[in-house]
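Now for the letters of each chain:
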Amino acid sequence: MHTVWKGAISFGLVHVPVKMFSATEDKDISMRYVHKACGSPLSYVRKCPVCEEEVGWEEINKGYEYEKGKFVLFEKEELEQLSEQNNKNITILDFVDLTEIDPIYFQKTYYLSPDQAGANAYRLLLEAMRQSGKIGIAKIAIRSKSSMAAIRVIEDCLAIETIFYPDEIRPISQVPNLPENVTVNEKELTMAQMLIDQLSTAFDPAKYTDDYRERLLDIINSKVAGEEVKIAPARQETNVVDLMAALQASIEAVKPIATDPGMAPKKRKTTRKTAAGDAAVKVSGDGAETEGPKPKRRTAKTKKTETGS
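Keep in mind that what you see is a predicted model, and the values were worked out from it rather than measured.

Conventions we followed
Residues numbered from 1 in each chain as written. Predicted model: local features only at pLDDT ≥ 70, side-chain atom pairs only at ≥ 80, totals over all residues. Heavy atoms only, no water. Pairing = 2+ DSSP bridges. Helix = DSSP H or I, 4+ residues; strand = E, 2+ residues; numbered from the N terminus. Phe/Tyr/Trp six-rings, centres within 6.5 Å; stacked < 30°, edge-to-face > 60°. Lys NZ or Arg CZ within 6 Å of the ring centre and 35° of its normal. Buried < 20%, exposed > 50% of the residue type's maximum accessible area, 1.4 Å probe, protein only.

Our next topic: the pairing of strand β8 (residues 106-114). When strand β2 (residues 14-22) meets β8, the two strands line up antiparallel, connected through five bridges. In the strand pairing of β8, Phe21 is matched with Tyr111. Bridge count for β8 against strand β11 (residues 157-163) is six bridges, and the pairing is antiparallel. Within the sheet, the bridge partner assigned to Thr109 lies in β11 and is Glu161.

Now the structure itself:
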């Protein structure tokens, strides 16, 4: 792993030298813009619109636009000196329960390993946090970006998660069109809770895959091999008119099939497709399940009559 940051964790007068490594990796498939006419990849040029010439990195400064078209400029050294004041130390300010932090605050996870002769202090902090069940709230600066952080134990490793400052979280009041004073139908609520119960299970991250990336890789491999690729249009989703029917159909679709020892599994009732889903059942006005007429059973005699032999 590539070392992202080197410094130390401090809590009280205890000093723990650590190295930081990114705990996650972006597996998005990278694409480049290509000139359609000749197939050449396009390059981006840093061009000054006033001087009308290409600008090299050594001629570039960072600036803050305080008014339209007016900037205050910063030399690279100024920003480095500013960040160096707090970028070598992670000071734990408080210890809290993980459940007290809403997931909206979390940004990115990093692993921490002991650096130099810090193994004993590292293990001490790890075990103390593991047994207390607490996580540490700290501040850290990574690549000139200051942020809050949560230090916690993952298996036998300390991990640090950068988290947003409170003023970086947009208030819910800014979200448009949230429903107000909506009365929930009790029958629909009961059905929805039944569906949640049917779909509830222990979290197993290994069962989830990036289907889009896998399909895209398959298409890339086919195109590289010179094969013609045709992508079927996505199924058009329809608005659910009968919410109760959609809930009932969803529950039927995920309901486990009961089996008895030594007997074949019981077959589910025949269903028909509706706009509410692929496995919908006919539902009466009170939400009760009903069945349509059963088809006549064909016998050898009827088959002989139909073939005319």
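Our next topic: the packing of aromatic side chains. This model, assessed by the stated rule, comprises zero aromatic pairs. A cation over a ring is seen here: Lys108 above Tyr110, with NZ or CZ 5.7 Å from the ring centre.

A word on the pairing of strand β1 (residues 3-11). Buried residues dominate β1, accounting for seven of its nine residues. Relative to β2, β1 runs antiparallel, the two being bridged by eight bridges. Bridge assignment links Gly7 to a residue of β2, and that residue is Val18. Hairpin connection, β1 to β2: the antiparallel pair is bridged by two residues, and Gly12 has positive phi, about 65 degrees. In this structure, β1 lies alongside strand β7 (residues 89-96), joined through three bridges in parallel fashion. Across the sheet, the residue bridging to Ala8 is Asn89, located in β7.

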